[in-house]
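The primary structure of each chain is shown beneath.
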Amino acid sequence: MNSTYHNIIAFGILILSFTTCKAQTDESPNPKINSENYYEHYHSGGTTKTTTNWIRRHEAVPIIIDELEKLGFETKQYILFELENEEEIILDVYNREKNFGVVFNTGHFAFPNKSQRNSRIYNQDKFKISGSLGRRKVYEELPKNIIALQETWYWYQTQSSPNDKLLNKKTAENILREDVRKQLAEL
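Throughout what follows, the structure given in this document is the object of discussion. On a predicted model such as this, the values are computed, not experimentally measured, just so you know.

**Brief notes about the pairing of strand 4 (residues 100-105)**
Item 1. Counting buried positions along strand 4 yields six of six residues, so the element is predominantly enclosed.
Item 2. Burial along strand 4 is two-sided: Phe100, Val102 and Phe104 facing one way and Gly101, Val103 and Asn105 facing the other are all buried.
Item 3. The pairing of strand 3 (residues 88-95) with strand 4 spans three bridges and is classified as antiparallel. Its bridge partner being in strand 4, Tyr94 is matched across the sheet by Gly101.
Item 4. Linking two consecutive strands that pair antiparallel, namely strand 3 and strand 4, is a turn of four residues; a positive phi of about 50 degrees is found at Asn99 within it.
Item 5. Pairing of strand 4 with strand 7 (residues 146-150), which is carried by five bridges, proceeds in the parallel orientation. Note that in strand 7 the partner of Val103 across the bridge is Ala148.

**Concerning the sheet that holds strand 3**
Item 1. Sheet architecture is open: four strands sit in the order 2-3-4-7, paired in mixed fashion. Lying at the two open borders of the sheet, with one neighbouring strand each, are strand 2 (76-82) and strand 7. Within this sheet the neighbouring strands show an average axis-to-axis angle of 40 degrees, counted without direction.
Item 2. Contacts from helix 3 (residues 169-186) reach strand 4 and strand 7 within the one sheet, and its direction differs from that of strand 7 by about 155 degrees.

**Concerning unusual backbone geometry**
Item 1. One non-glycine residue, Tyr78, lies in the positive phi region at around 50 degrees.
Item 2. One can find Tyr78 in strand 2.
Item 3. Judged by its relative accessible area of 42%, Tyr78 falls in the partly exposed class.
Item 4. The backbone of Glu86 sits at a positive phi, close to 70 degrees, despite the residue not being glycine.
Item 5. For Glu86, the location among the structural elements is in the loop between strand 2 and strand 3.
Item 6. With a relative accessible area of 64%, Glu86 lands in the exposed category.

**Regarding the nonpolar core**
Item 1. If you look at the biggest cluster of nonpolar residues, it comprises 28 residues, and the most contacted ones within it are Tyr38, Ile64, Leu68, Leu149, Tyr154, Leu167 and Leu176.
Item 2. If you list the elements that add at least two residues to this core, you get helix 2 (57-70), strand 4, strand 7, strand 8 (155-159) and helix 3.
Item 3. Looking at this core, the element that brings in the most residues is helix 2, giving six residues.
Item 4. Among residues more than four places away in sequence, those in contact with Ile64 are Val93, Val102, Phe104, Leu149, Leu176 and Val180.

Scoring rules and cut-offs
Residues numbered from 1 in each chain as written. Predicted model: local features only at pLDDT ≥ 70, side-chain atom pairs only at ≥ 80, totals over all residues. Heavy atoms only, no water. Buried < 20%, exposed > 50% of the residue type's maximum accessible area, 1.4 Å probe, protein only. Helix = DSSP H or I, 4+ residues; strand = E, 2+ residues; numbered from the N terminus. Pairing = 2+ DSSP bridges. Axes fitted to C-alpha atoms, helices over the stretch in contact; angles between N-to-C directions. Contact = heavy atoms within 4.5 Å. Core = buried A, V, L, I, M, F, W, Y, C linked by side-chain atoms within 4.5 Å.

Structural data, given as structure tokens:
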């Protein structure tokens, strides 16, 4: 086959890829789904392949900062914070004036389950100079002025064609924002 034919095929694939990506980035949050009911929207099985993904720390921290700034809090990122027992923890977001912080626990279960929202454990990994994983410090309980959020709570799903019944990424981001406001109110 000639190179013109290959160029036409490659261009067609590029256009198809672009429109598929564009359809997923233009999603808007589903106003019917919130932190109270979103596990009811988990989709498994069926004839169409459904992919589940999670909001990662590098995506969550800017959302947390944005939500806190909307509430009037000045924030700092990645602050080394000393606990009462003189141990140190890295806070993903910190407000000095009100002395509260937020940690975002990475890692998730393979299948979302509402009971996972009861977890308040925080794992802080330490790395060796070589870059290999050192020991992990597990905090069963953090001080009341530290909000612990879990990556496993902020899942979303996609399919190859748009499906407004799925919990999309924008809705998962809104649930994260809702959790920040709720947990801040509890402080």
